[in-house]
Each structure stands twice: as C-alpha cells, then as structure tokens.
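# Secondary and tertiary structure notes
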Amino acid sequence: MPSMNCTVKVASPLRSYTGGAASVTASGDTVAALLADLERRFPGMRFRMIDEQNAIRPHIRLYAGTREIRHLADPMGEETVLHLICALSGG
Amino acid sequence: MRDSIWIGTRKGVFALRPDSRRRAYRLSGPQFLGHVIHHVVQDPRDPKVQLIAAKTGHLGPTVFRSNDRGRTWKEAAQPPAFRMAAEGEKPRAVARVFWLTPGHSSEPDVWYAGTAPAGLFRSSDAGDHWEPVAGFNDHPMNAKWAAGLATPDGEFLHSILVDPRDARHLYLAISIGGVFESTDGGRDWAPLNGGVAADFLPDPTVAFGHDPHRVEMHPLQPDRLYQQNHCGIYRIDRPGNTWIRIGQAMPKKIGDIGFPIVLHPKDPDVAWVLPMDGTKVWPRTSVGGKPAVYQTRDAGRSWRRLSHGLPEKDAWLTVLRQALCVDAYDSPGLYFGTTAGDVWASPNGGESWRRIAQHLPEIYSVTFAI
C-alpha cells in the first residue's frame, strides 16, 4: 500500500529548514515515518524537534489534525495534516 | 591584525571590530537573532573557521560553522547527541551545547564540545559530524562524576583543554562534578581535584563533586593550570596532583569567588579574575557594587585591583564564565561582557577600562578572533 501524503504545517522557528515554507508535504503512515521523510528532504530539522532518545523535546508539540501526538509511532489515521508547533514560553 | 571580539548572547551573536588605533569599536550583528549562543570559537589552526554553540528557543541544540570569518554559517549535519540509551538505562539527551574547543594542531579537523547535561563530544571533520566520547560519557564512574547536581542553569561540561605537546592529553571540567584528566585521548579519565574545596558538600575531602567554574592551561607552560572555582581560585603545576588555593592572597573583603579566569598569552605567571560576591546567598554580583578585575603577576602569590574606568559604585555586574577574554597581543587587551548586555574593554591588560557596547542581550561569552 503506498504511504499516505500529508500536509505538514511548519512553525516559524523551523522554516529555515523548509526554505521559508509554512506548509510542505510529506509521506508516511505514522508520525515517525513522516518525520523521517521530512528529515530526508530537510536535513537537520528532525533533531531540533526530537531528541536522540526519540523523545519529543519540551515545548515542541505535534498534532495530527487536532489530536496531540505523544509517541512517534502513533499512526496518522484518517488525519492528513501534521502540525509542528513550538510552544513559546519564557522571556 | 584583523581582530574582532565575538559576543555570544541569549538572543544572538554580535561582533565588535576596532579601528586601526583600537579606540573605537564598530558593532555588527545580530546574527542568529533569537538563538541562544553559548560560545563562539575561532580555529587557531585555520582562522577563517569559527564554530558556534547554539540553541534556538525551544528547538534542540546544534553547532554552526563558518568558513569565512563569520559571514556565512552552515549547521552541523550531525550535532552532538548521546547514544541511544540501552533498555533500563537512564536516557540522556543534550539540552544545550555549551563549550567548544579546537583540537590539537596535529589534528586539524578535530574539535571537542561540552554539553549540558554533562557530555563530551568529538568531531573529526571540522565540526560537521559529532560523536560521543564513550571513554567519558560511558565511563563506569560517569554517573557519579556527572551526577546531575545541576547549577541553576544546568550541569555544564566545559573547559576542555588539549595539551599542545600531546594530542592525547586532555582535561575537562564539570560544573558540578570537578576537573578530570585523560592521558590516552579520552579513552580513560581520572579526577584531578586534590586540594580543592567543596564547601557545599558534607565531606570536603571528596575526590570529585567539586564546582570548577573555569579552568585554563597556559599554552607555553602546559603543566600549569589555573582554576576559578565556586570555592576559590587555584593553581596547579603538574605533575603535582594538588591544587593550591592562590585566592587566599586576595583581599578578604573581596574574596576569591567568581566565574571566569584568563591567562596572559605569553607569561604563565599572569592571570586575571573578576571577583563576585560569594557570601550568604551567593548574589554573584560585583562585590559592593564596585566592579573590578584583579590581576596576579606572580602566579597567585599576590593580586592587585584594576578598576580604572569601571563604575566606581552602584554597578551590580555579573560576568559569566565564558564572558572574559584576553586578546593575542604581546601586551594583551582584555574584554568582558555582563549579563546586563554591556561590553567593557581594556587595551592595556586591565589598567584602564571603557565600555565599548551596551544594551546587548544577556551576554554568555566574549571571545577574541584574529
């Protein structure tokens, strides 16, 4: 079965990796697969969001549609939009 | 000399370049506006090259490299990162890259990086790919040496020193953890904290667990190291294994607490510190609101106050461990940056000072580049 194509909404701090694009497409059935596809196309982007233990970094939030993703293995399900969000805090 | 002073701040990178008489300084930047910059370090083996230790808001930590004296930058392909934790093992993730050190002159593409939480990393391709130094990060004693006794801003690995006579001879420091030495290129390590106080611990005779703030090795006399510690100023002359508290010679009302220490590039007996208030609740501001640099010219047997041109009162400055530097002139200049965003310069080894920049973001590092 071919992988699902999703729209990825990119928070502004990460757009230096996407050439300034706020929205890109990526292919994959799980969040992990989508992030791997993004990393292939935009090298370095994944590590700024996901640490070396495969944990989502503090203050980074991933949403499949409106469903928050806590684990990279989570499937996208019926959702076709992945939001990459930097929850800003501090001064 | 095309020299410049590089300022790493909580909000980006700035540079200050003097005119031909070193009287006026022109500020450039910011570059990386909004990024947290802990260190900006030039490669003495190839002065066109500079590396930056960066973190960006809530994004993960990384390293940027310039091949053109800081005009353009490229991110490391593989930033410093711990290995994947084994099952049941406490996972470690780099929160920030804190320190950068160029490798030995015989290893032109080698760099070292220190991180928070405390980790040692090595690049053998000029900072593009970084690998954990397993000899330290996975040392059987590592969990005790780097026990996570974090300072308020985290547990830092810093002051990575490479012996100019021997690429395999390394030192590093952890705040909090102590000073450690390797004589085999980082495969094995041993604590080197004899004689250093650890007033904050119940057992003051511990072998490690100390809080070195900054350690410096003299380039022309690499057996001599100086240390500004949480608990005093020290010197050691190897192969001795005991640090001597040279801060005892500081005026008692000033004390010997601070963050940075820097050395004269040509004279191993000369060092400068920037004392801060370490009494009661450790405010870590200029003692009495009267900032001063102190200099020794006899390896710590005596110290003298250098404050001409600095504010005479009501100035509660804090200068962090990477924020005091010395330039490369035979009669060296000194520069420091404050957490309030001011940069001060002395063209004459601290004898007189003047402010050369103000209103910058919180300053983390001040480094000299040629």
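Note: the structure precedes this text.
Read on for an overview of the structure. (Residues numbered from 1 in each chain as written. Chains lettered and ligands numbered in written order. Predicted model: local features only at pLDDT ≥ 70, side-chain atom pairs only at ≥ 80, totals over all residues.)

### A look at the overall build of chain A
Across its full length, chain A carries two helices and five strands. Element order for chain A, N to C, with α for helix and β for strand: β-β-α-α-β-β-β. Over its C-alpha trace chain A gives a radius of gyration of 12 Å, about what one expects of a compact globule, namely 12 Å for 91 residues. Projected onto its principal axes, the C-alpha coordinates of chain A cover approximately 45 × 25 × 25 Å. Relative to its full complement of 91 residues, chain A shows a buried share of 33%. Put simply, 50% of the contacts in chain A that link residues at least 6 apart link residues at least 24 apart. (Helix = DSSP H or I, 4+ residues; strand = E, 2+ residues; numbered from the N terminus. Rg over C-alpha atoms; globule rule 2.2 N^0.38 Å. Buried ≥ 20, exposed ≤ 12 C-beta atoms within 10 Å, placed from the backbone. Contact = placed C-beta atoms within 7 Å.)

### Examining unusual backbone geometry
All names here are of chain B. In this chain, glycine 29 is followed by proline 30 through a cis amide linkage whose omega measures 5°. Note on placement: proline 30 falls in strand 3 (residues 25-31). A cis amide bond links alanine 116 with the next residue in sequence, proline 117, at an omega value of -5°. Structurally, proline 117 can be placed in the loop between strand 9 (111-116) and strand 10 (119-123). Although it is not a glycine, alanine 126 sits at a positive phi angle of roughly 65°. By the element assignment, alanine 126 lies in the loop between strand 10 and strand 11 (131-132). Residue classification places alanine 126 among the buried residues on the basis of 20 C-beta atoms within 10 Å. In the Ramachandran plot, alanine 299 falls in the positive-phi region, its phi being about 65° despite a non-glycine side chain. You can see alanine 299 is positioned in the loop between strand 21 (293-296) and strand 22 (304-306).

### Let's talk about the sheet that holds strand 9 of chain B
Residue and element names in this part refer to chain B. Spatial strand order, 8-9-10-11: four strands in an open sheet with antiparallel pairing. Bordering the open sheet on either side are strand 8 (96-102) and strand 11, each of which pairs with just one other strand. As judged from the six bridges shared by strand 8 and strand 9, these two strands associate in the antiparallel manner. What sits directly across from valine 97, in strand 9, is threonine 115. (Pairing = 2+ DSSP bridges.)

### Quick look at the interface of chain B and chain A
Residue-level contacts link 14 residues of chain B with 17 residues of chain A. Tallied by class, the residues present in the side of chain B that touches chain A amount to nine nonpolar, four polar and one charged. (Nonpolar A, V, L, I, M, F, W, Y, C, P; charged D, E, K, R; others polar.)

### Comments concerning the pairing of strand 3 (residues 60-64) of chain A
Residue and element names in this part refer to chain A. Judged by which residues are buried, strand 3 turns out to be one-sided: Ile60, Leu62 and Ala64 face inward and are buried, whereas Arg61 and Tyr63, on the alternate face, are not. As defined by bridge partners, strand 3 adjoins strand 4 (residues 67-69) across three bridges and the pair is classed as antiparallel. Bridged to alanine 64 within strand 4 is arginine 67. Taking the residues that link successive antiparallel strands as the turn, the strand 3-strand 4 hairpin has two residues, and the phi of glycine 65 there is positive, at about 65°.

### Comments concerning helix 1 (residues 31-41) of chain A
Working note: α-helix, 3.6 residues per turn, so residues spaced by three or four point in the same direction. Residues and elements named next belong to chain A. Listed in full, the buried residues belonging to helix 1 are Val31, Leu34, Leu35, Asp37 and Leu38. Seen along its axis, helix 1 keeps its buried residues to an arc of 160°; they face one direction. As for helix 1, its buried residues are in contact with strand 1 (5-10), strand 2 (23-27), helix 2 (45-49), strand 3, strand 4 and strand 5 (81-86). (Arc of directions from axis to C-beta.)

### Digging into the pairing of strand 24 (residues 334-337) of chain B
Residues and elements named next belong to chain B. With burial as the criterion, each face of strand 24 is covered, one bearing Leu334 and Phe336 and the other bearing Tyr335 and Gly337. Pairing between strand 23 (residues 324-326) and strand 24: three bridges, direction antiparallel. Its bridge partner being in strand 24, valine 326 is matched across the sheet by leucine 334. Sheet analysis places strand 24 next to strand 25 (residues 343-346), joined by four bridges and oriented antiparallel. Pairing of tyrosine 335 across the sheet is with alanine 345, part of strand 25. The antiparallel hairpin formed by strand 24 and strand 25 contains five residues in its connecting segment, where glycine 341 sits at a positive phi of about 90°.

From the geometry alone we can't say anything about function, so treat these as descriptive.
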